[in-house]
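Summary of structural features
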Amino acid sequence: MSTVVSTSTPSPVAKVSAKPDIGAIVKFVAVLIIALVVISPLFLLFVASLKPDRFQILADMGSFRAFWVSEPSLQNFTDIATFGGALPFGRYLVNSLIILFCTVLGGVFLNSMAAFVLAWGRLPGRALVLTALIGLYIVPQESIVLPLLSLVNKAGLGDSFAAQILPWMASPLYIFLIYQFFIQVPRDIYDAATVDGASPFRIYWSVFLPLSLPVLATVAILLGIETWNQYLWPLMVTQTDYARPISVGIASFFGHDSVYWNSAMAASVMMMVPVLIFYLAFQKWFVSSFISSAVKC
Amino acid sequence: MSSQASPMPGSASPGPIRAAMPRRKPPIWGGRLQELGMLLPACILIALFLLLPFLSSFEIALTNQRLIPRPVPVRFVGLGNFQQILTDSAFWTALWNVTRFTVMVLPIQCGFALAIALLLNQKLPFRNFFRGLFFLPAITSMVVVCVIWSTLFQYPTGPFNQIVGFLSFGLVGPIDWLGDPNWAMPSIVLLSAWQAYGFQMIVYLAGLQNIPETLYEAAELDGANAWQRFWNVTMPSLRQTHIFVLIITTIQAFKLFTQVNILTQGGPRGTTDTLVHYMFTAGFVDQRLGLASAVAILLFLIVLVVSLVQRFVVRDRR
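Everything numeric in this text was worked out from a predicted model, so none of it was measured.

1. Quick look at the overall build of chain B
When its secondary structure is counted, chain B shows 13 helices and zero strands. Among the 318 residues that make up chain B, the fraction classed as buried is 40%. Restricting to contacts in chain B with at least 6 residues of sequence separation, those with at least 24 account for 67%.

As structure tokens, this is what we get:
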């Protein structure tokens, strides 16, 4: 993805000077309009979250007033943050952040350690482990969640943070992604470190980790998005508000006859904002991360 | 699929398949123990939370086990669960629905993704900004997407009904998009395609970047117009990308659950029930773990077959 800007059609400006400019402007405006139309649902969400009256939100949706808020108010946000709303969204958001933080931190660490041993270790049977891992990543999460739920309940981990963190930290896909990166590190680097007498963990920690920031960022982003958006698993494993993440919290609005649109909109914005902040800061990394997840399957 | 995209940005060539021979030193036991300590945590987690439930699903599927154990002992029922599923018309409806979903979502999602990718592949100011903008839905949680789109689908005065009414001079509608058995699935398709096209878009963009410029120049010299260049240069060059995108979209589509669970609960009248939703209802709502495990195995087999087809096709044509 690093070559995005460099290649494109040869500049037509050389041939004619005035005409292509108009064409370029038309093209630009066309793309801009398409982008605005495609993205407009997200814009509507942000506008609606600033309207405190849930009936007003619905009434406005049918007209251009949906794009405009005359008296912006943060009341929806204060409502759900201070537990004044129908559901404790402050709690759900904090739960989600705890789960996200532990899963990503643990996941990056455990997966890269394992990948290092698989790529450079001397342990017998590494090839077998690698083959087993590659075989396992075809198993979809959906087809193991119910037996897993039964196991987790038997182990007394139901309705806990651990049940939402531990199962998804280590993943064959991410071990494999990091493994692929590690095996491309020149042998000389590894050899130099062993000559110095460094232990395997030392080599991993001070030589390989600093080298592999791109792939670690990729794994962190993919695992982070995946964790943040988990739905099926926390829906089944959480029974109370104790460890319930925000995704399940928002979905529970739909159970009622009349949806609290104002709270649902504000909660949705709250769920989007952390992702948006990271996305704006690391946009290039996000896109390349998703590309590299394409090695899956 | 390693040929689709290099595994990480900036890595030039695939590099040598490693030749890791333990030739330098006699093995140090301390080092090996440490290696074991580094490898085991991830492996234990995967064994406990992926391998064990996967294997146990085959065992559970042969019993009448309940999610919350009952005082009566669990009974071995052989292939009874599979028999029950395969004779349950609701299962076939779910399978048919998810097939219907896949057939509808594939051309819409991938076609739209390709169209946007083609737009963004041109000389364009702020191209990276646009790419970032078009990618936004892909990082939006499906739950959030459901909140937004359920207001768009609102009956009778939501935006979609207003647009349809306006375009048809009030002859059509208003339509209860998510409540009408004829419209519920197409509505889910539209929403799903909107949420997910970003991934296919960037995969197509990467594919487009890999087409050599000389091919277009040669076609232009031969007098091919833009339309002909698209069909005779772009499309054939994207062949591998197409296969990859189609397979991965198919696998995703077969796992359809979240939006259905939130917006329609499989209704109206079972028209949006899907395989995963059927499994969820059987195992979680009705507590019939054995039956649900059998569905899970069938789902795994479907995903396996689709993946194998992809490996086959890709290897064949290389």
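Now that the structure has been shown, we can carry on.
2. Side note on the overall build of chain A
Across its full length, chain A holds 15 helices and zero strands. When contacts within chain A are restricted to residue pairs at least 6 apart in sequence, long-range pairs at least 24 apart make up 74% of them.

3. Topic: the confidence of the model for chain A
Scored by pLDDT, chain A has a mean of 84; 89% of the residues are at 70 or more. Note on residues 1-17 of chain A: pLDDT under 50 across the span, and 18 contacts to partners over four residues away in sequence or across chains.

4. So, the nonpolar core
One finds Ala114(A), Met279(B) and Val295(B) to be the most contacted residues of the largest nonpolar core, which totals 168 residues. Three or more residues apiece are contributed to this core by two domains, here domain 1 (16-81) and domain 2 (89-295) of chain A. Setting aside anything within four residues of it in sequence, one finds Val295(B) in contact with Ile85(B), Leu275(B), Tyr278(B), Met279(B) and Ala282(B).

5. What about the interface of chain B and chain A?
Each partner contributes to the interface: chain B provides 95 residues, whereas chain A provides 92 residues. With 21 residues, helix H1 (residues 29-60) of chain B is the largest single contributor of residues to the side of chain B that touches chain A. Per-class residue counts for the side of chain B that touches chain A are 62 nonpolar, 25 polar and eight charged.

6. Quick notes on the environment of Trp177(B)
Residues and elements named next belong to chain B. In this structure, tryptophan 177 sits in the loop between helix H6 (159-167) and helix H7 (184-209). Here the alpha-carbon distance between tryptophan 177 and alanine 226, two residues 49 residues apart in the chain, equals 38 Å. With residues up to four places along the chain from it excluded, the contact list for tryptophan 177 reads Phe153, Tyr155, Phe160, Trp183 and Ser187.

7. Comments concerning the domain arrangement of chain A
Interface size is commonly expressed as the accessible area that is lost once the parts come together. Residue and element names in this part refer to chain A. The assigned domain composition of chain A is domain 1 (16-81) and domain 2 (89-295). Centre-to-centre, using C-alpha coordinates, domain 1 lies 33 Å away from domain 2. Tallying the contact residues gives 15 residues for domain 1 and 11 residues for domain 2. Of all the secondary-structure elements, those providing two or more residues to the side of domain 1 that touches domain 2 are helix H1 (19-48), helix H2 (54-61) and helix H3 (75-81). Broken down by element, the residue count for the side of domain 1 that touches domain 2 peaks at five residues, all from H3. Its residues assigned to classes, the side of domain 1 that touches domain 2 comprises nine nonpolar, two polar and four charged.

8. Observations concerning the packing of helix H3 (residues 89-120) of chain B against helix H12 (residues 275-285) of chain B
All names here are of chain B. Between H3 and H12, whose axes approach to 8 Å, the crossing angle comes to 145°. Contact with H3, carried on its side by Ala90, Phe91, Ala94, Leu95 and Val98, involves Leu275, His277 and Tyr278 of H12 and no other residues of that element. Its residues assigned to classes, the contact of H3 with H12 shows seven nonpolar, one polar and no charged.

Rules and cut-offs
- Residues numbered from 1 in each chain as written.
- Chains lettered and ligands numbered in written order.
- Predicted model: local features only at pLDDT ≥ 70, side-chain atom pairs only at ≥ 80, totals over all residues.
- Helix = DSSP H or I, 4+ residues; strand = E, 2+ residues; numbered from the N terminus.
- Buried ≥ 20, exposed ≤ 12 C-beta atoms within 10 Å, placed from the backbone.
- Contact = placed C-beta atoms within 7 Å.
- pLDDT = per-residue confidence, 0-100.
- Core = buried A, V, L, I, M, F, W, Y, C linked by C-beta atoms within 7 Å.
- Domains from an automatic or database assignment.
- Nonpolar A, V, L, I, M, F, W, Y, C, P; charged D, E, K, R; others polar.
- Axes fitted to C-alpha atoms, helices over the stretch in contact; angles between N-to-C directions.

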